[in-house]
Amino acid sequence: MTTSDPIAQLLDLAHRIGRPGHLAILGEGNVSTLVSEGIMAVKASGSSLATLDVSGIAQCHMSKLLPAITGPQLPDDQIDQVLLDSRVTAESKKPSTEGFFHAGLLSLPGNRFVAHCHPNAVNAILCSPLAAKFAKHRQCPDEVVCCGAESLLLPYIDPGLALSRAMLPAVEGFAARTGRLPRVILLANHGVICPAGTAEGAWAALAMCVKAAEIFSGAVALGGPISLSPQDIARLDNRPDELYRRTVLKL
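This section reports on the structure supplied with the text. (Residues numbered from 1 in each chain as written. Predicted model: local features only at pLDDT ≥ 70, side-chain atom pairs only at ≥ 80, totals over all residues. Heavy atoms only, no water.)

1. With respect to the overall build of the protein
So, point 1. Of the regular secondary structure elements, the protein holds eleven helices and seven strands.
So, point 2. Taken over the C-alpha trace, the protein has a radius of gyration of 18 Å; the compact-globule value for 251 residues is 18 Å, and the two agree within 12%.
So, point 3. Judged by the C-alpha coordinates and their principal axes, the protein covers about 55 × 40 × 35 Å.
So, point 4. The buried share of the protein, taken over its 251 residues, is 49%.
So, point 5. Considering only intrachain contacts with a sequence separation of at least 6, the fraction spanning at least 24 residues in the protein is 66%.
So, point 6. Just so you have it, the protein exposes about 11200 Å², and 58% of that area is on carbon and sulfur atoms.
So, point 7. For the protein, the distance from the average site of its 21 positive side-chain charges to the average site of its 22 negative ones is 6 Å. (Helix = DSSP H or I, 4+ residues; strand = E, 2+ residues; numbered from the N terminus. Rg over C-alpha atoms; globule rule 2.2 N^0.38 Å. Buried < 20%, exposed > 50% of the residue type's maximum accessible area, 1.4 Å probe, protein only. Contact = heavy atoms within 4.5 Å. Areas by Shrake-Rupley, 256 points an atom, 1.4 Å probe, with all protein chains shown as cover. Lys, Arg positive; Asp, Glu negative; His and termini not counted. Charge placed at Lys NZ, Arg CZ, Asp CG, Glu CD.)

What follows is the structure in C-alpha cells.
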C-alpha cells in the first residue's frame, strides 16, 4: 500500500491478517499504529480483523496506558476503566485489553506498527516442547532477513495487563543483549507479536514467521530440524546486500 495515512495502512494490515486462512478468526488478534506523538490507534475489543473499519479502531493517549505497565499493579476491576479513560474521544469503542502492550511496544524507538495474531502453524510449536528451539534457531536465510537472528520467547502469561507488564522489560532485556529490538515476539500457548517501523515490516515478519513454523514442523517430522550455524546467521543478518533488501522491503 502506497498511502501515507497510518489508519489506512493499519486497516490494510488488519485485512491481510484476517483474510481466510489460519492467522486469525472471529475476534482474534489485534493491530495498532502510532498516529502522532503520544497517540496510538488500536483495534477495539471484539472487532474482527477481517472486517475492521474505522468504527472498530480506538485512538488512545498512550500516557494514560503506560503507567499501568510500569507502575503499581491495577486491580482487575479498574483495568477496563483505564482503557476507557485512555480514549481520545469518548465515542470510540473500548480499546482491546491488549492495548497496554501495544502502547508499550509503540513507545520504543523505531516501532510504529504492531501486529498480533494466533497462527495455527506457529501456535502448534508454541504449545510444544520445541518452542524455545524455534525461537532461538533459524532454518532459512529469509527467516533471518525478515524475522531477525532470533525471536523473543515469553512463557505463558495471562493475556492483557499481566502480559503487558512482563513484556516491556523482556523486550528491553532482549535489546540490551542483542543490540536490537525483537522483530518477532513469541508467546507460549498464545501467539505472535510483530512490532516494526512500517506496516509492511510487521506483515513481512509475521508472514515469514508462519512460513518458518511450517518449515520447522516439517523438518521435525523428517528427523530434524537442521538449523543454520550461528556464523551463517550473523553473516546473513549483517550482509550489506541483505541490509539493502530490508530497506527496499520496508522491513
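Next comes the rest of the write-up.
2. Topic: the packing of helix α1 (residues 6-18) against helix α9 (residues 199-221)
So, point 1. Relative to each other, α1 and α9 sit at 15 degrees, their axes nearing to 10 Å. When the interaxial angle is binned, α1 and α9 end up roughly parallel. Helix-helix and strand crossings are classified by hand; for α1 and α9 the assignment is right-handed. Residues Q9, L13, R16 and I17 of α1 form the contact with α9, whose participating residues are A199, E200, A202, W203 and L206. (Axes fitted to C-alpha atoms, helices over the stretch in contact; angles between N-to-C directions. Parallel < 35°, antiparallel > 145°, perpendicular 65-115°, else oblique. Left-handed = near helix turned anticlockwise from the far one by under 90°.)

3. Concerning the sheet that holds strand β3 (residues 57-61)
So, point 1. Strand order in the open sheet made by the seven strands is β3-β2-β1-β4-β7-β6-β5, with mixed pairing throughout. The sheet is open, and its two edges are formed by β3 and β5 (152-154), each paired on a single side. Direction aside, the axes of adjacent strands within the sheet are offset by 20 degrees on average.
So, point 2. Two elements, strand β1 (residues 30-36) and strand β2 (residues 39-43), share four bridges in a ladder whose sense is antiparallel. Counted as the bridge partner of S32 is V42 from β2.
So, point 3. Each of β1, β2, β3 and β4 (113-117) is contacted by α1, which is oriented at about 170 degrees to β1, the strand it contacts most.
So, point 4. In this fold helix α8 (residues 161-178) packs onto β5, β6 (185-187) and β7 (191-196), with an angle of close to 150 degrees to the strand it touches most, β5. (Pairing = 2+ DSSP bridges.)

4. Concerning the environment of I193
So, point 1. Its place among the elements puts I193 in strand β7.
So, point 2. I193 sits in the buried class, given a relative accessible area of 0%.
So, point 3. Residues I193 and E28, 165 residues apart in the sequence, show an inter-C-alpha distance of 13 Å.
So, point 4. If near-sequence neighbours (up to four positions away) are discounted, I193 is found in contact with F101, L105, V114, A115, H116, M167, R183, V184, I185 and L187.

5. A word on helix α10 (residues 230-238)
So, point 1. Along α10, the positions that sit buried rather than exposed are I233, L236 and D237. Mapping the buried residues of α10 onto a view down its axis gives an arc of 100 degrees, with all of them on the same face. Of the residues in α10, the exposed ones pointing more than 90 degrees away from the buried face are Q231 and R235.
So, point 2. Buried residues along α10 sit in contact with α7 (141-147) and α11 (240-248). (Arc of directions from axis to C-beta.)

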